[in-house]
Amino acid sequence: MPGRFRRQVPQAEYSYFIAGRGSFTPDGGERIEFRAGDAIYFAADSEGEWDIVETVRKAYVIFG
């Protein structure tokens, strides 16, 4: 669903975006834009803000 929210997952995550588009801005870093077909790896304890422009569907793996 479109909107902005904080990433609150303490584990590492690999995400493959099936549909939608938006961006993720890590705290202290540069914005990463994504759309369907893109993949992003989030290191453990990475924090930042999601800005979802079009509703996202993703396949993801959480690493414990």
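Because the structure is a prediction, the values reported are computed rather than measured. (Residues numbered from 1 in each chain as written. Predicted model: local features only at pLDDT ≥ 70, side-chain atom pairs only at ≥ 80, totals over all residues. Heavy atoms only, no water.)

Next up on the list: the pattern of salt bridges. By the definition in use, this model includes 8 salt bridges. The shortest N-O distance in the salt bridge between D51 and R4 comes to 3.3 Å. One end of the pair, D51, is in strand β5 (residues 48–63); the other, R4, is in strand β1 (residues 3–6), with 47 residues separating them in the sequence. For R4, a relative accessible area of 59% gives the class exposed. Connected via shared salt-bridge partners are R4, E49 and D51. (Salt bridge = Lys/Arg side-chain N within 4 Å of Asp/Glu carboxyl O. Helix = DSSP H or I, 4+ residues; strand = E, 2+ residues; numbered from the N terminus. Buried < 20%, exposed > 50% of the residue type's maximum accessible area, 1.4 Å probe, protein only.)

This part is about the pairing of β5. Where β1 and β5 come together, 4 bridges link them in antiparallel fashion. Directly across from R4, in β5, lies its bridge partner D51. One ladder, built from 13 bridges, connects strand β2 (residues 12–26) with β5; its direction is antiparallel. Paired with E13 across the two strands is I62, which belongs to β5. (Pairing = 2+ DSSP bridges.)

A few words now on the confidence of the model for the protein. Looking at the protein, the pLDDT average stands at 96 and 100% of residues meet or exceed 70. Of all secondary-structure elements in the protein, the lowest mean pLDDT belongs to β1, at 96, while strand β3 (residues 32–35) reaches the highest, 98. (pLDDT = per-residue confidence, 0-100.)

Overall, the coordinates contain 7 aromatic pairs when judged by the stated rule. The interplanar angle of 85 degrees and the centroid separation of 5.0 Å between the aromatic rings of F24 and F42 together place this pair among those described as edge-to-face. In this pair, F24 sits in strand β2 while F42 sits in strand β4 (residues 39–42), placing the two residues 18 residues apart along the sequence. The exposure class assigned to F42 is buried, which follows from its relative accessible area of 3%. Among the aromatic residues, ring-to-ring pairing joins F5, F17, F24, F34, F42 and W50 into one connected group. (Phe/Tyr/Trp six-rings, centres within 6.5 Å; stacked < 30°, edge-to-face > 60°.)

Okay, unusual backbone geometry next. Even without glycine at this site, D45 takes up a positive phi of about 65 degrees. Position of D45 relative to the elements: it lies in the loop between β4 and β5. Using a relative accessible area of 58% as the deciding quantity, one classes D45 as exposed.

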